[in-house]
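# Notes for the structure review
Chain residues, written in single-letter form:
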Amino acid sequence: MPLTKVSLGSVVGKQYVYKLFSYADAIKSLIIVQLIAIAFSFLGSMGGGTGNGQVNIWVSYYSIDIVVVFTMLWVFTTAILLTSKAYRYEDYSFVTNRLSSQLSNIAFLLTAAMTGTITAILSGYFIFLITHLRNVPMLNSTAAVGSLSEIVLATCGAFLYLVLVGAFGYFVGACAQISKLFILIFPAVFFVISIVFESSFIVEQFFQFYFMEKSIWIFGVKVLVTSVALYGIALMIFSKREVRL
Amino acid sequence: MTFLMTVLTTLIPLLIVGSLIVIIIVFIRLWQTTSKKVISRKKMHWILGGYVMILFLSMIIYYLIPTNEEDSTQRPVLPRENWIIQNDENPIIEIDEKTTDYSIPELDYLDYIDPSLERGSWTFPYEKESIRIDMGYSDTGSWTVVTGRKNENDGEIDVTLYSEPYTVGNIDISDDIDFLNVDIGKDELYLYHPTEIELKYATYKKPFVYTQFRGGGFEDLDIRKPYYGLQVVYLEIPKDLELTTTLDQSIEIIEN
């Protein structure tokens, strides 16, 4: 019989703080991934040209879109890695149970999403600075990052997307713990849906449900509900796993 | 063929994304095996803090850099009613906004042209009885020639070039444009563009995590629809000078 009684909250808190530092590799990889994305933003920036035979005009577009997308990939892989055996076994250094371990993982993923969001949004200023130093003739240098309200909205939007992708990654990782076949099944399902049901009503509705939502509040609710569902399924999957001996 | 294209267009992005995910996973795994598992808080602060510091510094510099309103590439375009070569009471050139079709009705005066639209002026001494107006071959673009006769034979041809602004995405880029040039030969007046020019600009597109909720994405940018302004060459020729041309278009002559 234990002499001290610890609450779930305090265990989760301690594990969360531990993970913040022991999973530093993830944060370091975030920096590398974002730097690569910033480089891609310059190398592969979109553009369009037109002319009247006398004057030909080419306009390149700079954006943090690639940084946000790469950050999504990063949070997705980080979420999958958190469910791997190597990471899960680290939790046994602590007084823990499956619930506290999963909750601290979720808290870590939310922190990762927030960190990724802030750095991705701030990378817009970095991209501006580089274009300024390169003396690129800009058509709208004052609109490089946008007004405060635009920044707040973009930050909220990016954060919600990262939370959603992180939850999906965690769900995929949990499924992969049942069977490694899921690693192949998920891309295959995505592939088949994209081709066979390319223009089907269901795919269109799914696409519109998330990516065409015009209200940030409704989008936030959708992300919250979806993430809770995905994390909930993941928690159920892990609770059915055998104990480590 | 269509099915194959669908497969390829789906498979390629999937493979790219999958490869990136695998690369990131391998990268993190390798890092774990080659470095200490738990790094100190101090070191962690330095790595993340240093990166965030660079980003914050960029933000501070962004707000410190003054925007030069006089820069041609940042100058907003004049209101359209000030552009032209027209006046409600006495129009020189009428613009059909819908079709952007230009027509020259009764040409009486050029007094109503906005002075800021003047792009150049030339005076050529010319004593012969006739002159031919010619254009450099394969010259395109929208332009027109308007001619007025002087009240006397002063032996000089005066040329003034006007042009509407050239705009890209509501930004006036006229200062970067090489407008029509004018030169005189033995018995010809040449109009020509110096060279074909290529202008490169860049712009910032708002991120999709913003445009999804407020619009203004790539599809809404009107930067892809530049406006090539109409150039008007206004000639003032001696009273009795005969005018001929090889130009495809007619030359409007203002007779006194």
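Being a predicted model, the structure only gives us computed values, none of them experimental. Counting restarts for each chain: residues are numbered from 1 in the order of the written sequence. Chains and ligands are labelled by the order in which they are written, letters from A for the one and numbers from 1 for the other. With the structure being a predicted model, the display of local features is reserved for residues of pLDDT at least 70 and the display and counting of side-chain atom pairs for 80 or more, all residues being used for whole-chain, interface and lining totals.

## Comments concerning the overall build of chain B
Per the convention used, a helix needs a DSSP run of H or I reaching at least four residues, while a strand needs a run of E reaching at least two, with both numbered from the N terminus. What chain B contains, in helices and strands, is four helices and 14 strands. Any residue with 12 or fewer other C-beta atoms within 10 Å of its own C-beta is exposed, any with 20 or more is buried, and the rest are partly exposed; the C-beta atoms used are placed from the backbone. Burial analysis of chain B (256 residues in total) assigns 24% to the buried set. Sequence-distant contacts, at least 24 apart, represent 76% of the contacts inside chain B between residues at least 6 apart. Here, residue contact means that the backbone-derived C-beta atoms of the two residues sit within 7 Å.

## Let's talk about the overall build of chain A
For chain A, the helix and strand inventory stands at nine helices and two strands. Counting helices and strands in the order they occur from the N terminus, chain A gives α-α-β-β-α-α-α-α-α-α-α. Residue burial in chain A is summarised as follows: out of 245 residues, 38% are buried.

## Looking at the sheet that holds strand β9 (residues 181-184) of chain B
Residues and elements named next belong to chain B. Any two strands are treated as partners once DSSP identifies two or more bridges connecting them. The strand order across the open sheet formed by four strands is β9-β10-β4-β13, and the pairing between neighbours is mixed. Bordering the open sheet on either side are β9 and β13 (242-245), each of which pairs with just one other strand. Within this sheet the neighbouring strands show an average axis-to-axis angle of 20°, counted without direction. Judged from the four bridges that link them, strand β4 (residues 130-135) and β13 form a sheet pairing that is parallel. If you follow Arg-132 over to β13, its bridge partner there is Thr-244. Note on geometry: axes are lines fitted to C-alpha atoms, helical ones only across the stretch in contact, with angles between N-to-C directions running from 0 to 180 degrees.

## Here we look at the UniProt feature "transmembrane region" (unreviewed entry) in chain A
All names here are of chain A. According to UniProt, the positions carrying the feature "transmembrane region" (unreviewed entry) are residues 20-42, 62-82, 103-131, 151-174, 181-203 and 215-238. Between the first and last C-alpha atoms of residues 62-82 the distance is 33 Å; the span itself is 86% helix and 5% strand. Structurally, residues 103-131 is divided into 100% helix and 0% strand, and its ends, taken at the C-alpha atoms, are 42 Å apart. UniProt positions are given in the numbering used here, feature names are shortened, and annotations may be inferred rather than shown by experiment.

## Concerning the environment of Val228(A)
Residues and elements named next belong to chain A. Mapped onto the elements, Val-228 comes out in helix α9 (residues 216-239). Using a count of 12 C-beta atoms within 10 Å as the deciding quantity, one classes Val-228 as exposed. A sequence separation of 146 residues divides Val-228 from Leu-82, and the C-alpha atoms of the two residues are 17 Å apart.

## Looking at the packing of helix α2 (residues 24-43) of chain A against helix α5 (residues 98-133) of chain A
Residues and elements named next belong to chain A. Their axes nearest at 10 Å, the elements α2 and α5 cross at an angle of 35°. Seen from above, α2 lies across α5 with right-handed handedness. Judged by residue contacts, Ala-26, Ile-27, Leu-30, Gln-34, Ile-38, Ser-41 and Phe-42 of α2 engage Ala-112, Thr-115, Gly-116, Thr-119, Ala-120, Ser-123, Phe-126, Ile-127 and Ile-130 from α5. Helix crossings get a hand from a simple test, with the near helix turned counterclockwise from the far one by less than a right angle marking a left-handed crossing and a clockwise turn marking a right-handed one.

## A look at α5(A)
Expected span of a helix, by definition, is 1.5 Å for each gap between consecutive residues, and there is one gap fewer than residues. Here α5(A) contains 36 residues, and its C-alpha end-to-end distance of 51 Å stays within 8% of the 52 Å for a straight helix at 1.5 Å per residue. Looking one or two places after α5(A), you find Asn135(A), whose phi comes out positive at around 55°.

## Quick notes on the sheet that holds strand β11 (residues 197-204) of chain B
Here we have three strands laid out as an open sheet, ordered β1(A)-β2(A)-β11(B), and mixed in their pairing. On the outer flanks of this sheet lie β1 (47-51) of chain A together with β11 of chain B, each paired with one strand and no other. Adjacent strand axes in the sheet meet at a mean angle of 15°, parallel and antiparallel pairs treated alike. Note: strand β2 (residues 55-62) of chain A against β11(B), eight bridges, orientation parallel. Each residue of the ladder has a partner; that of Val59(A), found in β11(B), is Tyr201(B).

## Some thoughts on the pairing of β4(B)
Residues and elements named next belong to chain B. Residues Ile-131, Ile-133 and Met-135 of β4 are buried on one face, while the alternating residues Ser-130, Arg-132 and Asp-134, pointing to the opposite face, are not. Sheet analysis places β4 next to strand β10 (residues 188-192), joined by four bridges and oriented parallel. Considered in β10, the bridge of Met-135 is made with Leu-191.

## Observations concerning the packing of α5(A) against helix α6 (residues 148-178) of chain A
All names here are of chain A. Running from amino to carboxyl end, α5 crosses α6 at an angle of 140°, the nearest separation of the two axes being 9 Å. Between α5 and α6, the interaxial angle falls into the category oblique. For the crossing formed where α5 meets α6, the hand is right-handed. Facing Leu-109, Leu-110, Ala-112, Ala-113, Met-114, Gly-116, Thr-117, Ala-120 and Ile-121 of α5, the residues of α6 in contact are Ile-151, Ala-154, Thr-155, Ala-158, Phe-159, Leu-162, Val-163, Gly-166 and Tyr-170. For classification purposes, an angle smaller than 35 degrees is called roughly parallel, one larger than 145 roughly antiparallel, one from 65 to 115 roughly perpendicular, and anything else oblique.

## Remarks on the nonpolar core
A set of buried residues qualifies as a nonpolar core if it consists of Ala, Val, Leu, Ile, Met, Phe, Trp, Tyr and Cys joined through C-beta atoms within 7 Å. Counting residues in each nonpolar core, the largest one holds 99 residues, and the members touching the most others are Val75(A), Ala158(A), Leu162(A), Tyr170(A) and Val233(B). Here the element with the most residues in this core is α6(A); it accounts for 15 residues.

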